[in-house]
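Here's the letter readout for the chains.
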Amino acid sequence: MRFMVLVPGSPESEAGEMPRTEALGAMTKYNEELVKAGVMLAGEGLHPTSRGAKIRFDGRERTVIDGPFTEAKELVAGYWVWECSSREEAIEWLKRAPFDGGVEIELRQIFEAEDFGEQLTPELREANARLREQAAQN
Amino acid sequence: MSPSATHRAIDAVWRIESARLIAGLARIVRDVAVAEDLAQDALVAALEQWPVSGIPDTPGAWLMATAKRRGIDALRRRVTLERKRELIGRELEILQRLDQPDLAAQVEDVQDEVLRLIFMTCHPVLSVEARVALTLRLLGGLSTPEIARAFLVSEGTVAQRIVRAKRTLAEARVPFEAPARDELTERVSVVLEVIYLVFNEGYAASAGEHWVRPALCADALRLGRILAALLPREPEVHGLLALMELQASRLRARVGRTGSRCCWPIRTARAGTICSCSVAWPGCGGPRSSTARWDHTRCRPRSPPATRGLGASRQPTGRGSWRSTTGWRRSPAPQWWSSTARWR
């Protein structure tokens, strides 16, 4: 089963400050462990919200809201995608991450196609599959 | 935490730590069977103590310290009982190594040992069945009942295979070492054969309630990823990983309620393409990277039309895909392929 780990933003990440060498070193070591254990599928950091945007959907209307957005701790500053054998294993891995200072890191299980059940009709499955195949070749 | 929750957490810790623990201990005691016994003793101690004391902050170091303590106790007893001079000499040496205080370093710096352990559990002196059982047990962190369930054989059979495999390794005096450069390719090939066999058993399982057993495929993928991280310069490892990722991407389709075979989770399809592109450099022509090369043609606009979009990713079974690929390469059917007979 796959999990997404969501790392919240901070005033520093929103200000575009890069982590210090020490923190980068600790994170690199942690990532190396994840990779060498065959657990990590992906993981990236995100630019501050000042470089992003939100789009509000209302009927046919689309409103673009430029960043930055408020409430840094509710914003995502980075993520991982892991493959683990159980929720407990994902929790055990996350407990080893080099975070501190009261930060709360969120762990979420990723939906697989069968989780959608009958709502995902054979036609929709096929259409999705074709799109994914094309996307994988990009 | 409830007792069952603690046990699930201990299972998770074991899955993460067991390979490194056994590999680290094997480096010290120079005997995989003894190393596994000590690791199991530590697991039993954890199962007894952690539900009461809680899970320690560094469970890996705790398990290593406990295993070493058990090893020291057992050796001291034997040294007292058996007064044979040469035995004492050898065992005192191990005692000293076990007694070294640098626990944290020994737990953390064991990646090379994990690689040695892989080469040992996939050693050519062992039968194919023994390699599979021992690899899943020592590197995959699977218990004997779990392996037995996965392969639809009795627990006794698996236990026997593991016991015999350890005996064979001891009798053949297989050293706890990575192979020399000149035999590396050949030995890597044996390891890949074991991993693909596990994958294929999960993927193409013809017996049992389920057509595919995804857990076994996930175990093989994990072993493949571990190997790719430990041997990043071996194109054949990436080739096999790419093949497994592509085939795994169709797993869901095969077990889907509608019976549709077209469902391709994007991540594995993409991972397969990425892996295959990373190995498609000149001079690598092994059977596994040939699959990857085939896949690579899908990324290139000038590939011959006959090869584009055909082959592994659209074939209904893993076996067919491999043959179609090697056929395209005009290379003879790879030997290791024909040797990957069904496990049972």
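The rules behind each value
Residues numbered from 1 in each chain as written. Chains lettered and ligands numbered in written order. Predicted model: local features only at pLDDT ≥ 70, side-chain atom pairs only at ≥ 80, totals over all residues. Helix = DSSP H or I, 4+ residues; strand = E, 2+ residues; numbered from the N terminus. Rg over C-alpha atoms; globule rule 2.2 N^0.38 Å. Contact = placed C-beta atoms within 7 Å. Core = buried A, V, L, I, M, F, W, Y, C linked by C-beta atoms within 7 Å. Buried ≥ 20, exposed ≤ 12 C-beta atoms within 10 Å, placed from the backbone. Pairing = 2+ DSSP bridges. Axes fitted to C-alpha atoms, helices over the stretch in contact; angles between N-to-C directions. Parallel < 35°, antiparallel > 145°, perpendicular 65-115°, else oblique. Left-handed = near helix turned anticlockwise from the far one by under 90°. Nonpolar A, V, L, I, M, F, W, Y, C, P; charged D, E, K, R; others polar. pLDDT = per-residue confidence, 0-100. Expected span 1.5 Å × (residues − 1). Arc of directions from axis to C-beta.

## Details of the overall build of chain A
Move 1: Within chain A, the regular secondary structure consists of 4 helices and 6 strands.
Move 2: If you list the helices and strands of chain A from N to C, you get β-α-α-β-β-β-β-α-β-α.
Move 3: Its C-alpha radius of gyration of 18 Å places chain A more than 25% over the 14 Å reference for a compact globule of 138 residues.
Move 4: Projected onto its principal axes, the C-alpha positions of chain A cover 50 × 40 × 30 Å.
Move 5: By sequence separation, contacts in chain A at least 24 residues apart represent 70% of the contacts at least 6 residues apart.

## Structural notes on the nonpolar core
All names here are of chain B.
Move 1: By size, the foremost hydrophobic cluster in this structure holds 84 residues, and its most contacted members are Ile-22, Leu-25, Leu-117 and Ile-195.
Move 2: Considering each element in turn, this core owes the most residues, 13 residues, to helix 1 (residues 3-29).
Move 3: Not counting the four nearest positions on each side in its chain, Leu-25 is found in contact with Ala-35, Leu-38, Ala-39 and Ala-67.

## Things to note about the sheet that holds strand 2 (residues 40-45) of chain A
Residue and element names in this part refer to chain A.
Move 1: With antiparallel pairing, 4 strands are arranged side by side in an open sheet as 2-5-1-6. Of all the strands in the sheet, the pair left with one neighbour each is strand 2 and strand 6 (106-109). In this sheet, neighbouring strand axes are inclined to one another by 15 degrees on average, regardless of whether the strands run parallel or antiparallel.
Move 2: In the packing of helix 3 (residues 87-95) onto the sheet, the strands contacted are strand 1 (2-8), strand 5 (76-83) and strand 6, and the crossing angle to strand 6 comes to about 155 degrees.

## Quick word on the packing of helix 11 (residues 214-230) of chain B against helix 12 (residues 235-248) of chain B
When two helices pack together, you describe them by how their axes are tilted relative to each other and by the distance separating the axes.
Residues and elements named next belong to chain B.
Move 1: Interaxial distance between helix 11 and helix 12 falls to 9 Å at its minimum, and their mutual angle equals 150 degrees. Between helix 11 and helix 12, the interaxial angle falls into the category roughly antiparallel. Classified by chirality, the crossing of helix 12 by helix 11 is left-handed. Within the contact between the two elements, helix 11 uses Cys-217, Ala-220, Leu-221, Gly-224, Arg-225, Leu-227 and Ala-228 and helix 12 uses Val-237, His-238, Leu-240, Leu-241, Met-244 and Ala-248.
Move 2: Considering only residue class, the contact of helix 11 with helix 12 consists of 10 nonpolar, 2 polar and 1 charged.

## Considering unusual backbone geometry
Move 1: A:Pro68 follows A:Gly67 through a cis peptide bond whose omega is 5 degrees.
Move 2: Positioned with a positive phi, B:Leu152 is a non-glycine residue whose angle comes to about 55 degrees.
Move 3: For B:Leu152, the location among the structural elements is in the loop between helix 8 (144-151) and helix 9 (155-171).
Move 4: B:Leu152 gets classed as partly exposed once you count the C-beta atoms within 10 Å, which come to 14.
Move 5: Its identity as a non-glycine residue notwithstanding, B:Arg173 has a phi of 50 degrees, on the positive side.
Move 6: Locating B:Arg173 in the fold gives a position in the loop between helix 9 and helix 10 (181-203).

## Structural notes on the packing of helix 1 of chain B against helix 2 (residues 32-53) of chain B
All names here are of chain B.
Move 1: Packing of helix 1 against helix 2 brings their axes to within 9 Å, and their N-to-C directions diverge by 155 degrees. On the basis of the axis angle, helix 1 is roughly antiparallel to helix 2. Between helix 1 and helix 2 lies a crossing whose hand is right-handed. Of the residues in helix 2, those touching helix 1 at Pro-3, Thr-6, Ile-10, Trp-14, Ser-18, Leu-21, Ile-22, Leu-25, Ala-26 and Val-29 are Val-32, Val-34, Ala-35, Glu-36, Leu-38, Ala-39, Leu-43, Ala-46, Leu-47, Trp-50 and Pro-51.
Move 2: Looking at side-chain class alone, the contact of helix 1 with helix 2 contains 18 nonpolar, 2 polar and 1 charged residues.

## Quick word on the pairing of strand 5 of chain A
Residues and elements named next belong to chain A.
Move 1: Taken together, the 7 bridges between strand 1 and strand 5 define a ladder with antiparallel strand orientation. For Arg-2, the partnering residue across the bridge sits in strand 5 and is Glu-83.
Move 2: Bridge count for strand 2 against strand 5 is 5 bridges, and the pairing is antiparallel. Residue pairing for strand 5: Gly-43 is matched across the bridge by Trp-80.

## A closer look at the environment of B:Phe199
Residues and elements named next belong to chain B.
Move 1: Note that Phe-199 resides in helix 10.
Move 2: Measuring from C-alpha to C-alpha, the distance between Phe-199 and Arg-131 comes to 14 Å, with 68 residues separating the pair along the chain.
Move 3: Setting aside its immediate chain neighbours within four residues, Phe-199 contacts Cys-217, Ala-220 and Met-244.

## Here we look at the confidence of the model for chain B
Residues and elements named next belong to chain B.
Move 1: For chain B, per-residue confidence averages 73 on the pLDDT scale, and 62% of positions sit at 70 or higher.
Move 2: Taken element by element, chain B is modelled with least confidence in helix 16 (residues 318-328), mean pLDDT 33, and with most confidence in helix 2, mean pLDDT 94.
Move 3: Predicted confidence for residues 276-284 stays below pLDDT 50, and this span has 18 contacts to residues more than four positions away or in other chains.
Move 4: Ignoring residues within four places in sequence, the model shows residues 295-344, a span with pLDDT below 50, making 75 contacts including any to other chains.
Move 5: Prediction confidence for the complex, expressed as pTM and ipTM, is 0.74 and 0.78 respectively.

## Describing helix 9 of chain B
All names here are of chain B.
Move 1: The terminal C-alpha atoms of helix 9, which comprises 17 residues, lie 24 Å apart, in line with the 24 Å expected from a rise of 1.5 Å per residue.
Move 2: Turning to helix 9, its buried residues number three or more, namely Val-158, Arg-161, Ile-162, Ala-165, Lys-166 and Leu-169. Seen end-on, helix 9 carries its buried residues on one side only, within an arc spanning 125 degrees. Those residues of helix 9 that are exposed and angled more than 90 degrees off the buried face are Gly-156, Arg-167 and Glu-171.

## Topic: the confidence of the model for chain A
Move 1: Taken over all residues, the pLDDT of chain A has a mean of 89, while the share at 70 or more is 95%.
Move 2: By mean pLDDT, helix 4 (residues 122-137) of chain A is the weakest element of chain A at 75, and strand 6 of chain A is the strongest at 97.

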